[in-house]
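A structural walkthrough
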Amino acid sequence: MKNTVSPSNLSSKLTRGILLEKKFITRSIIKMRIANEEIVDLIQPGQFINIRVADSFSPLLRRPFSVFRVNKGENWFEILFQIIGKGTQLLADTQIGAEVDLLGPLGNGFVIPKKLDFAVLVAGGLGIAPLLVLTQELKKTNIPTILFWGNRTKDAFTIVSDFEKLGVKVFLATDDGSFGFNGTVTELLNTTVENIKKSTVEIFTCGPNPMLKTLKKISINNNIPCQISLETQMACGFGVCMGCNVTSKMDSEQYKYVCQHGPVFDSWEIEPGD
Ligand SMILES: Cc1cc2nc3c(=O)[nH]c(=O)nc-3n(C[C@H](O)[C@H](O)[C@H](O)COP(=O)(O)OP(=O)(O)OC[C@H]3O[C@@H](n4cnc5c(N)ncnc54)[C@H](O)[C@@H]3O)c2cc1C
Ligand code: FES
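Note that the structure is predicted; figures quoted are calculated from it, not measured. (Residues numbered from 1 in each chain as written. Chains lettered and ligands numbered in written order. Predicted model: local features only at pLDDT ≥ 70, side-chain atom pairs only at ≥ 80, totals over all residues.)

Turning our attention to unusual backbone geometry. Backbone torsion omega between glycine 104 and proline 105 reads 0°, so that peptide bond is classified as cis. Relative to the assigned elements, proline 105 resides in strand 7 (residues 99-106). The step from glycine 262 to proline 263 runs through a cis peptide bond, and the omega angle for that step is 10°. Within the secondary structure layout, proline 263 lies in the loop between helix 8 (258-261) and strand 16 (264-266). The backbone of asparagine 75 sits at a positive phi, close to 55°, despite the residue not being glycine. With respect to the helices and strands, asparagine 75 occurs in the loop between strand 5 (69-71) and strand 6 (76-82). (Helix = DSSP H or I, 4+ residues; strand = E, 2+ residues; numbered from the N terminus.)

As structure tokens, this is what we get:
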């Protein structure tokens, strides 16, 4: 179900959370736990939240993050992010117990088909972030799940156990061969795609655009439906600035906007950028 947001209903999505916990997964990847009932109640796997990373006007714009995991019983959710610039550094510096200004949930989410033999999750790097909350949802419907995850090196793989605890069968790849399959995650998927396509499966994916482009080809060539979550750079985050456009493959329109029509798209709907 698409859940697009218009500027007029944004105020209902403004909320505050309390930073409960932060944990360094690697030197630059952090998992943060935030207490907030509204997000936990409303979030659909694949949706994102916009976080105001500083009380000052620098940086002015909020930063978008996927929800990594939710705990409804304890009213907290987690995000998993990499420090790549000023905004993510400021967020990483937030003190435990501080208030965090949140806008969300925003965008649409993954759609879980009713009939599915198993779900195939494919992640590149931090594209893993929206896939654990999806796994939580798949677990509720007892859909068996396998994960293919590729990284440059093995550093971030410590969170694999979060997937394994939910019964996911995990296949790993590293570009430098330091762990698992030596090569890209799409090369790894290709080694087994002939077996996968014999069942009713769907691919759910997030990662860098070159990976998504290859995966789109694999899914089309093998006739496997594929839902892609895009992480383009965003400015406003709610469909006004048109800064998050992606080429649309639908005859009626040239572009789609990731914050408004996405971030999750059926692979045939869009062409990931370079
Ligand atoms: C829907 C959505 C969900 C996201 N979820 C996550 C998540 O769960 N975890 C996570 O780590 N990141 C996620 N991102 C990316 C995250 O929002 C950016 O890393 C963050 O906004 C960077 O802010 P910054 O101020 O630190 O960096 P900036 O100073 O804004 O940028 C630093 C450098 O990174 C580049 N850059 C910034 N954003 C992106 C981007 N989206 N893609 C490619 N290059 C970029 C800039 O061009 C610049 O070179 C998501 C993005 C979107 C749109
Ligand atoms: S970020 Fe402004 S329209 Fe999407």
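With that out of the way, let us pick up the domain arrangement of the protein chain. What the domain assignment lists for the protein chain is domain 1 (7-106) and domain 2 (110-229). Taking the mean C-alpha position of each, domain 1 and domain 2 sit 24 Å from one another. Elements with a contribution of two residues or more to the side of domain 1 that touches domain 2: strand 5 and strand 6. Looking at the side of domain 1 that touches domain 2, its residues break down into seven nonpolar, four polar and one charged. (Domains from an automatic or database assignment. Nonpolar A, V, L, I, M, F, W, Y, C, P; charged D, E, K, R; others polar.)

Taken together, 22 residues lie near ligand 1, and Phe81, Gly85, Gly87, Thr88 and Ala129 sit nearest. Every element with two or more residues in the shell around ligand 1 is listed here: strand 4 (63-66), strand 6 and helix 2 (86-93). Among the residues forming the shell around ligand 1, the class breakdown is twelve nonpolar, seven polar and three charged. (Near = placed C-beta within 6 Å.)

What follows covers the sheet that holds strand 11 (residues 181-182). Strand pairing in a sheet relies on backbone hydrogen bonds. The paired strands run either parallel or antiparallel. What the seven strands build is an open sheet, ordered 11-10-9-8-12-13-16; its pairing is mixed. A strand with exactly one partner marks an edge of an open sheet, and here the two such strands are strand 11 and strand 16. In the sheet, strand 8 (residues 118-124) pairs with strand 9 (residues 145-151) via six bridges, with the strands oriented parallel. Bridge pairing in strand 9 links alanine 119 to threonine 145. Packing against the sheet, helix 3 (residues 131-140) makes contact with strand 8, strand 9 and strand 12 (201-206), and its axis sits at approximately 170° to strand 8. (Pairing = 2+ DSSP bridges. Contact = placed C-beta atoms within 7 Å. Axes fitted to C-alpha atoms, helices over the stretch in contact; angles between N-to-C directions.)

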